Amino acid sequence: MLIDTHAHLSLPQFDKDRTEVIKRAHDAGIKHIITVGTDSDDCRKAVALEEEHDFISAAVGIHPHDAKTINAETYSLLRGFAADSNVVAIGEIGLDFYRNLSLRETQIHHFREQLRIAREVSLPVIIHDREAHQEVLKVLQEEQAATVRALLHCFSGARGMAQA
Ligand SMILES: [Zn+2]
Ligand SMILES: [Zn+2]
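Report on the accompanying structure. Quick caveat: nothing in here was measured; it's all calculated off a predicted structure. (Residues numbered from 1 in each chain as written. Chains lettered and ligands numbered in written order. Predicted model: local features only at pLDDT ≥ 70, side-chain atom pairs only at ≥ 80, totals over all residues. Heavy atoms only, no water.)

### Things to note about the sheet that holds strand E2 (residues 30-36)
Whether parallel or antiparallel, the strands of a sheet pair through hydrogen bonds between backbone atoms.
Right, so step 1: The six strands lie next to each other as E1-E2-E3-E4-E5-E6, forming an open sheet whose pairing is parallel. Sheet topology places strand E1 (2-7) and strand E6 (150-153) at the edges, where each strand pairs with a single neighbour. Here the strands of the sheet are splayed against their neighbours by 25 degrees on average, with no regard to which way each runs.
Right, so step 2: Note: strand E3 (residues 56-60) against strand E4 (residues 87-96), three bridges, orientation parallel. Note on E4: the bridge partner recorded for Ala58 is Val87. (Pairing = 2+ DSSP bridges. Helix = DSSP H or I, 4+ residues; strand = E, 2+ residues; numbered from the N terminus. Axes fitted to C-alpha atoms, helices over the stretch in contact; angles between N-to-C directions.)

Below is the structure:
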């Protein structure tokens, strides 16, 4: 069975042909798709997609690039989305020290906060880690992410980190 665990179906690049893209994936034998939100607005769209399609679930979280957009309402919004039974993970969240589109301290702070939300709502996390292996591992361990389980996508760390 083929499952796509990391799609971004809500991105504007799919605005013209989203329905066809989803249909083609389905026709090609993809049994399930998890579409992953990256900011508040994108999470809202991801949730709308899982509501529309039986074989789509959503993950909701604020990408490290967008950590700077987090405001007082963001976390209550995420908690609200997480109550939906077809929201299956918190993500994508993490650290990106390659592009640094949000300040590193801001990224770390909100990575921690979202790991706490994941534990609170008992959902696994989807982690974006780019050139921040040590810091990602440190925060995951300090926030006891193992209790909710974590998936690192596009993993480029060493074997030791994978084992840890
Ligand atoms: Zn992604
Ligand atoms: Zn990513």
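Further notes follow.
### Remarks on the coordination of the zinc ion (ligand 1)
Put simply, the ideal angle at a metal is 109.5 degrees for four donors in tetrahedral geometry and 90 or 180 degrees for six donors in octahedral geometry.
Right, so step 1: In the first shell of the zinc ion (ligand 1), the protein supplies His6 (NE2), His8 (NE2) and Glu92 (OE), at 2.0 to 2.1 Å from the metal.
Right, so step 2: Counting residues between consecutive donors of the zinc ion (ligand 1) along the chain gives the motif H-x1-H-x83-E.
Right, so step 3: Accessibility expressed as a relative area gives 2% for Glu92, which makes it buried. (Donors = N, O, S within 2.8 Å, 3.2 Å for Na, K, Ca; no water. Buried < 20%, exposed > 50% of the residue type's maximum accessible area, 1.4 Å probe, protein only.)

### Section: the pattern of salt bridges
Right, so step 1: Tallied over the entire structure, the rule returns 10 salt bridges.
Right, so step 2: A salt bridge links Arg18 to Asp15; the shortest N-O distance between them is 2.7 Å.
Right, so step 3: On the accessibility criterion, Asp15 (52% relative accessible area) is exposed.
Right, so step 4: Its salt-bridge partner being Lys138, residue Glu142 comes within 3.1 Å of it at the nearest N-O pair. Taken together, the residues Glu142 and Lys138, both in helix H5 (residues 133-142) and four residues apart, mark about one turn of the helix.
Right, so step 5: The exposure class of Glu142 is partly exposed, given its relative accessible area of 39%.
Right, so step 6: In this structure Lys138 comes out as partly exposed when scored by relative accessible area, which is 46%.
Right, so step 7: Taken together, the salt bridges that share partners define one network made up of Arg112, Glu113, Arg116, Lys138, Glu142 and Glu143. (Salt bridge = Lys/Arg side-chain N within 4 Å of Asp/Glu carboxyl O.)

### Observations regarding helix H2 (residues 40-52)
Right, so step 1: Taking 1.5 Å per residue, 13 residues should reach 18 Å; H2 reaches 19 Å between its end C-alpha atoms and fits that length.
Right, so step 2: Burial in H2 covers these residues: Asp42, Cys43, Ala46, Val47, Leu49 and Glu50. Seen end-on, H2 carries its buried residues on one side only, within an arc spanning 155 degrees. Among the exposed residues of H2, those pointing more than 90 degrees away from its buried face are Glu51 and Glu52.
Right, so step 3: Its side-chain oxygen at 3.2 Å from the backbone nitrogen of Asp41, Asp39 defines the N-terminal cap of H2. (Expected span 1.5 Å × (residues − 1). Arc of directions from axis to C-beta. Polar contact = N/O pair within 3.5 Å; in protein donor to acceptor, adjacent residues only side chain to side chain.)

### Points about the coordination of the zinc ion (ligand 2)
Right, so step 1: Glu92 (OE), His128 (ND1) and His153 (NE2) make up the full set of protein donors to the zinc ion (ligand 2), lying at 2.0 to 2.4 Å.
Right, so step 2: Of note, the donors binding the zinc ion (ligand 2) are all from one chain and are spaced E-x35-H-x24-H.
Right, so step 3: Between the zinc ion (ligand 2) and the zinc ion (ligand 1), a separation of 3.6 Å is found, and both are coordinated by Glu92. Of the two residues, Glu92 is situated in strand E4 and His128 in strand E5 (residues 125-130); the sequence distance between them amounts to 36 residues.
Right, so step 4: A relative accessible area of 12% means that His128 is categorised as buried.

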